[in-house]
Amino acid sequence: MQAVKNGDTVRVHYHGRLTNGTTFDSSEGRDPLEFKVGAGMVIKGFDNGVVDMKVGDKRTLNIPVEEAYGPKNDELIMEFPKENIPADLNPQVGMDLQMSNPQGQVFPVKVAAIGNEFITLDANHPLAGEALIFDIELVEIK
C-alpha cells in the first residue's frame, strides 16, 4: 500500500484542538481537507505529520508552537487612536476588524483592549503562541 511522500496531494479528515482540549476547527460534516504535501499549504507540523501515512491510517499530531503559527509577535500589537475610528463603528474587545497598510494590503486584526484614547489591535494569527493537537485520518492519496 502506498505511503504519503512529499509532493503527493492528499485528503484528510481532522479535528484540531488546543492543549486545554478546546476545539478550534474540524472537518466533521465537511469534505476532507485537500493539500499538496510539502508545498506549504498547511502549517509545517501538519505537513510533516502526514508523511508515511497510508490510506485509512489515523494519527494524533502534537504540534509545537514553532511548527504551528509561531509565537505571538509583539510588533503586531498596535495602539490605534480612537479618534481615527469611523463614527458608525462601536469596537468591542474580541471583535474582528480589517485594516489596510499604506500599500493598500488588507489584513485582519482583533480588538484586544479598549482604553480612553486608544484601542489595542492584535494582528497576530488567532492561534499564534499555541501548541496544537490534530487527530487526523488519511482518506485519499491522489
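Here the structure is a predicted model, which means the values were calculated and not measured.

1. Topic: the overall build of the protein chain
Summing up its helical and strand segments, the protein chain has 1 helix and 9 strands in all. Listing the helices and strands of the protein chain from first to last along the sequence gives β-β-β-α-β-β-β-β-β-β. Here the C-alpha radius of gyration of the protein chain, 19 Å, is well above what a compact globule of 142 residues would show, namely 14 Å. Seen through its C-alpha atoms, the protein chain measures out along the principal axes to roughly 65 × 35 × 30 Å. Taking all 142 residues of the protein chain together, 32% fall into the buried category. Considering only intrachain contacts with a sequence separation of at least 6, the fraction spanning at least 24 residues in the protein chain is 61%. For the protein chain, the exposed area adds up to about 8,800 Å²; of that, 48% sits on carbon and sulfur atoms.

2. What about the nonpolar core?
By size, the foremost hydrophobic cluster in this structure holds 21 residues, and its most contacted members are F46, V50 and F134. Those elements that provide at least two residues to this core are strand 1 (9-18), strand 4 (58-63) and strand 9 (132-141). Examining the composition of this core, we find that 5 residues originate from one element, strand 9, more than from any other. Apart from the residues within four sequence positions on either side, F46 is in contact with V12, Y14, L33, F35, L61, I63, F134 and I136. I85, L97, V111 and A123 belong to the second-largest nonpolar core, a separate cluster that totals 8 residues.

3. Points about the packing of aromatic side chains
Counted under the stated rule, the structure contains 5 aromatic pairs. Members of the aromatic cluster, joined through ring pairs, are Y14, F24, F35, F46 and F134.

4. Quick look at the pairing of strand 6 (residues 96-100)
Only one face of strand 6 is covered, namely the one carrying L97 and M99; the face carrying D96, Q98 and S100 has none of its residues buried. Where strand 6 meets strand 7 (residues 106-114), 5 bridges bridge the pair, whose relative direction is antiparallel. Counterpart to S100 in the pairing with strand 7 is V106. Counting the residues between successive antiparallel strands, the hairpin from strand 6 to strand 7 contains 5 residues, one of them, G104, with a positive phi of roughly 90 degrees.

5. Describing the side chain of D47
Structurally, the position occupied by D47 is in helix 1 (residues 44-49). Of the side chains bearing the opposite charge, K44 lies closest to the buried D47, which forms no salt bridge; the N-O distance is 9.5 Å. Residues in contact with D47, not counting those within four places in the same chain, are F35, K36, V37, G38, A39, G40 and V42.

6. Considering the environment of G49
Of note, G49 is situated in helix 1. The spatial distance from the C-alpha of G49 to the C-alpha of V37 is 9.7 Å, given a sequence separation of 12 residues. Excluding anything up to four places from it in sequence, G49 contacts R59, L61 and I136.

7. Thoughts on the sheet that holds strand 5 (residues 77-81)
In spatial order, the strands read 5-8-7-6; together these 4 strands make up an open sheet with antiparallel pairing. One side of each edge strand has no neighbouring strand; the edge strands of this open sheet are strand 5 and strand 6. Going from strand to strand, the sheet's axes swing by 45 degrees on average, the running direction of each strand aside. Alignment of strand 7 against strand 8 (residues 118-122), held across 4 bridges, turns out to be antiparallel. Residue pairing for strand 8: I114 is matched across the bridge by I119.

How each quantity is defined
- Residues numbered from 1 in each chain as written.
- Predicted model: local features only at pLDDT ≥ 70, side-chain atom pairs only at ≥ 80, totals over all residues.
- Heavy atoms only, no water.
- Helix = DSSP H or I, 4+ residues; strand = E, 2+ residues; numbered from the N terminus.
- Rg over C-alpha atoms; globule rule 2.2 N^0.38 Å.
- Buried < 20%, exposed > 50% of the residue type's maximum accessible area, 1.4 Å probe, protein only.
- Contact = heavy atoms within 4.5 Å.
- Areas by Shrake-Rupley, 256 points an atom, 1.4 Å probe, with all protein chains shown as cover.
- Core = buried A, V, L, I, M, F, W, Y, C linked by side-chain atoms within 4.5 Å.
- Phe/Tyr/Trp six-rings, centres within 6.5 Å; stacked < 30°, edge-to-face > 60°.
- Pairing = 2+ DSSP bridges.
- Lys, Arg positive; Asp, Glu negative; His and termini not counted.
- Salt bridge = Lys/Arg side-chain N within 4 Å of Asp/Glu carboxyl O.
- Axes fitted to C-alpha atoms, helices over the stretch in contact; angles between N-to-C directions.

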